[in-house]
There are 2 protein chains.
Amino acid sequence: MASDDTNEPLLLRSQDTVAQKAKGRLNQRRLLRSRSAPHTDHAPLVINDKESIPLSETIFGNLHPSFKKVAIILMVYLGVGTLIFYLVRNQIKGMKTERFLDALYFTIVTMTTVGYGDLVPNSDLTKLLACAFVFSGMALMGLILSKAADYLVEKQEVLLIKAMHMRQKVGPSEILKELEINKTRYKFFLVFLLLLILVIVGTIFLVNVEKLEVIDAFYCVCSTITTLGYGDKSFSTQAGRIFAVFWILTGTICLAQFFLYMAELNTESRQKALVNWVLTRKMTNYDLEAADLDEDGTVGAAEFVIYKLKEMGKISQEDITLVMKEFEELDIDQSGTLSVSDITLAQSS
Amino acid sequence: MASDDTNEPLLLRSQDTVAQKAKGRLNQRRLLRSRSAPHTDHAPLVINDKESIPLSETIFGNLHPSFKKVAIILMVYLGVGTLIFYLVRNQIKGMKTERFLDALYFTIVTMTTVGYGDLVPNSDLTKLLACAFVFSGMALMGLILSKAADYLVEKQEVLLIKAMHMRQKVGPSEILKELEINKTRYKFFLVFLLLLILVIVGTIFLVNVEKLEVIDAFYCVCSTITTLGYGDKSFSTQAGRIFAVFWILTGTICLAQFFLYMAELNTESRQKALVNWVLTRKMTNYDLEAADLDEDGTVGAAEFVIYKLKEMGKISQEDITLVMKEFEELDIDQSGTLSVSDITLAQSS
């Protein structure tokens with residue numbers, strides 16, 4: 001994410017929007033130095049070994065599991081769970097259908113913490129196994145939650161862009177920009193839609209296959225996706241449990257994601273209110289002095305950006321201090337600015 | 001948060017650490033302008049109406065509910081829940097003790113999505129009521145999760161500081177600094193400790209009061225705090241349910257918070273790896289040009305900070321663009337910097 005756009009000059013977009021106003025001034029400044037080649041053609045003078053490996057692989061590779069990895073972990077979890085609970089099936093009591101299916105169903109009901117209680121451990125061994133599986137299941141659900149829905153939503157976004165592109169004559173880049181601005185709202189509505197579909201499908205299924213009353217079916221659906229699982233209504237037929245295996249997993253994740261997006265929307269609106277307050281409040285002499293990072297009596301563009309972003313809470317004093325230490329070290333000729341001479345000095349030393 | 005430290009000069013701490021090195025240079029620069037009074041005595045020239053009200057009240061007051069507000073919401077939720085389920089107690093079947101206690105116990109078991117099933121709704125009305133209470137309960141649990149544990153941990157931190165202060169001869173500010181650096185790790189261990197205590201207390205209670213075997217008691221504890229709630233073991237006595245009302249609420253929140261801190265620790269270590277990479281990689285001529293915000297051929301301290309923080313992913317191009325627009329508007333004399341003359345011009349217009 002970070003490495004994507006740092007290769008462009010920092011002020012690219014800002015210059016576009018205030019181009020009319022600032023053009024004369026910028027052109028004047030550009031005369032002070034020659035831009036002999038476009039940015040992308042500049043060959044770095046110092047080539048670091050680390051830079052030849054993509055950043056994403058070196059840092060995120062091991063620590064940040066991809067969607068594919070999460071899917072594999074889920075498969076392994078369900079496979080091991082099903083096998084173990086299949087082997088100890090005689091130590092589990094309750095409403096039983098097909099042996100292998102029941103083991104998978106029990107693993108899913110435990111992992112998602114729905115815990116109907118239509119199948120319950122009946123020995124010390126199975127009780128402790130259930131404890132182990134519910135804790136690891138919770139961790140796994142958290143992992144899925146941080147990956148699966150985003151993946152789903154991004155897929156949906158591409159479809160949405162295509163659909164809008166066909167109807168209107170706006171370029172996909174414009175729609176992407178629009179999506180970026182309202183991203184959280186889009187995600188929220190997409191997940192809400194998916195949740196609605198899952199609730200309706202679940203209710204219809206329970207009425208038709210498990211032969212429940214409509215209210216009972218809806219009650220069972222709510223009880224399941226919230227992981228409440230009183231257990232008075234659950235999936236008791238073989239067909240029901242095949243359906244349940246897929247439906248419970250998607251339903252519980254979908255509802256949790258719905259609540260997460262709701263919180264995100266709330267945080268965003270709060271952040272926007274703060275940003276708005278910081279940007280609209282008037283600058284005072286006092287602010288001017290506080291923002292004057294290099295203490296030359298005036299506040300440059302970069303100093304202003306840092307001051308305002310700090311006020312918005314987007315960056316902290318710790319962040320600034322950390323980078324400033326690095327700056328002091330790089331500023332070998334102690335001129336207060338970094339220039340080509342500093343880099344040449346660094347290379348020669 | 002944001003307004004706390006913006007009133008200090010941005011480079012205060014950095015200057016302290018590199019004081020020896022940069023002292024001569026800074027003193028030289030200070031001569032260029034007179035500092036007639038300390039920062040705090042500077043009276044703002046422009047007094048905005050909004051500024052007389054504390055930022056925290058104007059912005060966070062309505063949008064960001066405080067711990068106290070969350071506690072009130074919880075009380076209202078439990079009060080309304082208990083009253084309603086007390087009134088419809090004849091439409092709830094299962095293992096019953098004292099009528100009022102059962103209604104409260106049922107509300108808690110539903111709200112936390114534990115859902116043992118030892119008490120289950122027995123009519124369409126109570127089923128729909130349970131649905132309503134589990135959804136609102138989930139939202140409320142999310143709200144509590146974002147508040148309660150932090151409050152608890154901060155209380156604990158103060159105690160920790162006091163304890164360390166008495167033993168060693170280091171100032172509390174130093175311990176606070178130490179705590180700030182390893183904050184997430186401290187939080188994680190504190191919640192883990194609390195969780196351990198809750199598990200042990202719960203198990204002992206279930207063995208002694210509910211007369212369960214040790215394994216069964218532990219199994220019931222795990223089944224409860226994970227909100228699994230199979231329901232084959234639950235609180236069936238009056239004393240048990242009084243205990244359960246408090247224990248279930250703290251236990252489920254504590255475990256959820258434990259998982260949240262674990263995720264936070266993981267994110268932080270990833271972030272640290274990225275920050276480290278950004279700070280240790282060598283600057284090139286190419287970086288120099290990209291970081292040169294005002295295009296004067298050299299990179300000042302503030303420009304360097306922005307470039308590096310952007311590379312770390314802490315700030316985005318959107319953040320910078322937004323503030324830059326504001327800067328262009330404030331820079332009335334179009335000098336490329338903000339000075340006292342800009343503010344005077346802004347006041348007169």
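What counts as what
Residues numbered from 1 in each chain as written. Chains lettered and ligands numbered in written order. Predicted model: local features only at pLDDT ≥ 70, side-chain atom pairs only at ≥ 80, totals over all residues. Heavy atoms only, no water. UniProt positions renumbered as here; feature names shortened; annotations may be inferred. Helix = DSSP H or I, 4+ residues; strand = E, 2+ residues; numbered from the N terminus. Buried < 20%, exposed > 50% of the residue type's maximum accessible area, 1.4 Å probe, protein only. Contact = heavy atoms within 4.5 Å. Areas by Shrake-Rupley, 256 points an atom, 1.4 Å probe, with all protein chains shown as cover. Salt bridge = Lys/Arg side-chain N within 4 Å of Asp/Glu carboxyl O. Axes fitted to C-alpha atoms, helices over the stretch in contact; angles between N-to-C directions. Parallel < 35°, antiparallel > 145°, perpendicular 65-115°, else oblique. Left-handed = near helix turned anticlockwise from the far one by under 90°. Nonpolar A, V, L, I, M, F, W, Y, C, P; charged D, E, K, R; others polar. Phe/Tyr/Trp six-rings, centres within 6.5 Å; stacked < 30°, edge-to-face > 60°. Lys NZ or Arg CZ within 6 Å of the ring centre and 35° of its normal. Polar contact = N/O pair within 3.5 Å; in protein donor to acceptor, adjacent residues only side chain to side chain. pLDDT = per-residue confidence, 0-100. Disulfide = S-S within 2.5 Å.

As annotated in an unreviewed UniProt entry, chain A carries the name Outward rectifying potassium channel protein and is attributed to Medicago truncatula. Under the heading Sequence similarities (unreviewed entry), UniProt records this for chain A: "Belongs to the two pore domain potassium channel (TC 1.A.1.7) family." The UniProt entry for chain A carries the following text under Subcellular location (unreviewed entry): "Vacuole membrane".

Caption draft 1: Layout of the overall build of chain A. A count of helical and extended segments in chain A gives 16 helices and four strands. Per-residue burial for chain A yields a buried fraction of 46% across its 349 residues. For chain A, long-range pairs separated by at least 24 residues make up 65% of all intrachain contacts whose partners lie at least 6 apart in sequence. Surface accessibility of chain A: about 17200 Å² in total, with carbon and sulfur atoms responsible for 63%.

Caption draft 2: Just the pattern of salt bridges, in detail. Residue and element names in this part refer to chain A. Within this structure, the stated rule accounts for 18 salt bridges over all chains. The salt bridge involving K187 is made with E264; its shortest N-O contact spans 3.9 Å. Of the two residues, K187 is situated in helix α10 (residues 183–208) and E264 in helix α12 (residues 238–280); the sequence distance between them amounts to 77 residues. Residue E264 is classed as partly exposed on the basis of its relative accessible area of 30%. Connected through shared salt-bridge partners, R281, D287, K308 and E311 make up one network.

Caption draft 3: Quick peek at the packing of helix α10 (residues 183–208) of chain B against helix α12 (residues 238–280) of chain B. All names here are of chain B. Running from N to C, α10 and α12 cross one another at 150 degrees; their axes reach a closest spacing of 9 Å. Taken together, the axes of α10 and α12 are roughly antiparallel relative to one another. For the pair α10 and α12, the sense of crossing is left-handed. Looking at the contact of α10 with α12 residue by residue, the class counts come to 17 nonpolar, six polar and four charged.

Caption draft 4: Representation of the packing of aromatic side chains. All told, the structure shown has 34 aromatic pairs over all chains when counted by the stated rule. A ring pair is formed by A:F106 and B:Y230, whose centres lie 5.6 Å apart and whose planes are at 15 degrees; its orientation type is stacked. Remark: B:Y230 occurs in the loop between α11 (214–225) and α12 and A:F106 occurs in helix α6 (residues 99–111); the pair is interchain, linking two chains. B:Y230 matches A:F106 in its accessibility class, with the two residues each being buried. Every member of this aromatic cluster is reached through a ring pair, and the members are A:Y77, A:F85, A:F106, A:F133, B:Y219 and B:Y230. The positively charged end of A:R89 is found above the aromatic ring belonging to A:Y86, 4.5 Å away from the centroid.

Caption draft 5: Up close: the side chain of A:E303. Its place among the elements puts A:E303 in helix α14 (residues 301–311). Only 2.8 Å separates the side chain of A:E303 from the backbone nitrogen of A:G300, close enough to count as a polar contact. Not counting chain neighbours up to four residues away, the residues in contact with A:E303 comprise A:A291, A:D292, A:L293, A:D294, A:T298 and B:A302.

Caption draft 6: Inspection of unusual backbone geometry at higher detail. A positive phi is found at A:T113, a non-glycine position, where the angle reads about 60 degrees. Here A:T113 shows up in the loop between α6 and β2 (119–121). Despite not being glycine, B:K211 shows a phi value in the positive range, around 55 degrees. Along the polypeptide, B:K211 turns up in the loop between α10 and α11. A relative accessible area of 67% means that B:K211 is categorised as exposed.

Caption draft 7: Spatial organisation of the confidence of the model for chain A. All names here are of chain A. Put simply, chain A has an average pLDDT of 77, and 71% of its residues get 70 or more. Scored below 50 in pLDDT, residues 1–64 makes 98 contacts in the model with residues more than four places away or belonging to other chains. Among the scores for the predicted complex, ipTM is 0.74 and pTM is 0.75.

Caption draft 8: Quick peek at the packing of α11(B) against α12(B). Residues and elements named next belong to chain B. Two elements in contact, α11 and α12, have axes whose closest approach is 8 Å; the angle formed by their N-to-C orientations is 70 degrees. Viewed along their axes, α11 and α12 adopt a mutual orientation that is roughly perpendicular. The residues of α12 that touch α11, namely those facing V221, T224 and I225, are W247, I248, G251, T252 and L255. When the residues that make up the contact of α11 with α12 are grouped by side-chain class, the tally is five nonpolar, three polar and no charged.

Caption draft 9: Spotlight on the UniProt feature "transmembrane region" (unreviewed entry) in chain A. Residues and elements named next belong to chain A. The sites that UniProt annotates as "transmembrane region" (unreviewed entry) are residues 70–88, 100–119, 125–145, 188–209 and 242–263. Annotated as 95% helix and 0% strand, the span residues 188–209 places its first and last C-alpha atoms 31 Å apart. Here residues 242–263 runs as 100% helix and 0% strand, with 33 Å between its end C-alpha atoms.

Caption draft 10: Main features of the state of the cysteines. Counted by the stated rule, this structure contains zero disulfides over all chains. Residue B:C131 stays outside any disulfide, its sulfur separated by 3.6 Å from that of A:C222, the closest cysteine. For B:C131, a relative accessible area of 5% gives the class buried.

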